[in-house]
Amino acid sequence: QVRLVESGGGSVQAGGSLRLSCATSGRTFSNYAMGWFRQASGKEREFVAAISWNSGNTYYADSVKGRFTISRDNAKNTGYLQMNSLKPEDTAVHYCAVRTTVRYGFDDPRDYDYWGQGTQVTVSS
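Residues numbered from 1 in each chain as written. Predicted model: local features only at pLDDT ≥ 70, side-chain atom pairs only at ≥ 80, totals over all residues. Heavy atoms only, no water.

**A closer look at the pattern of salt bridges**
Moving on, step 1. Overall, the coordinates contain six salt bridges when judged by the stated rule.
Moving on, step 2. Residues D90 and R38 are paired through a salt bridge, measuring 2.9 Å at the closest nitrogen-oxygen approach. Here the residue D90 occupies a position in the loop between β8 (78–83) and β9 (92–99), and R38 occupies one in strand β4 (residues 33–39), the gap between them amounting to 52 residues.
Moving on, step 3. Classification of D90 as buried rests on a relative accessible area of 0%.
Moving on, step 4. With its nearest N and O atoms 3.1 Å apart, the salt bridge here joins D62 to K65. (Salt bridge = Lys/Arg side-chain N within 4 Å of Asp/Glu carboxyl O. Helix = DSSP H or I, 4+ residues; strand = E, 2+ residues; numbered from the N terminus. Buried < 20%, exposed > 50% of the residue type's maximum accessible area, 1.4 Å probe, protein only.)

In structure tokens form, the structure reads like this:
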């Protein structure tokens, strides 16, 4: 089992920044890739970013590329999502997840077995 707890969400104006954190406990965090997903009201959960176990590879949705940065600190069992130049369309509940399956793709939530409870990000225009 892996327990994940997100923090750092909030309300900002367009153009602002937030840094989300994902603290993990349980199974060895450093063994797994992790990702961030988000779900806006009335929409399906969508991929935001992912990072390999050793930070060697990162992946981003086109909608956040150049604005968001995913990172991790395995010594602290924590992942991060730095979000800059936020837009109203970034408003959503943001979730971190640990990828324990390598089958569907890094951007497919079916590869992620462990999820946090989510943190709300609201961007006003």
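On we go.
**Re the state of the cysteines**
Moving on, step 1. Per the counting criterion, the structure on display carries one disulfide.
Moving on, step 2. The partner cysteine of C22 in its disulfide is C96, sulfur to sulfur 2.0 Å. When the S-S torsion is 65°, as for the bridge of C22 with C96, the disulfide is right-handed. You can see C22 sitting in strand β3 (residues 18–26) and its partner C96 sitting in strand β9, a full 74 residues away along the chain.
Moving on, step 3. Under the relative-accessibility criterion, C96 is labelled buried at 0%. (Disulfide = S-S within 2.5 Å.)

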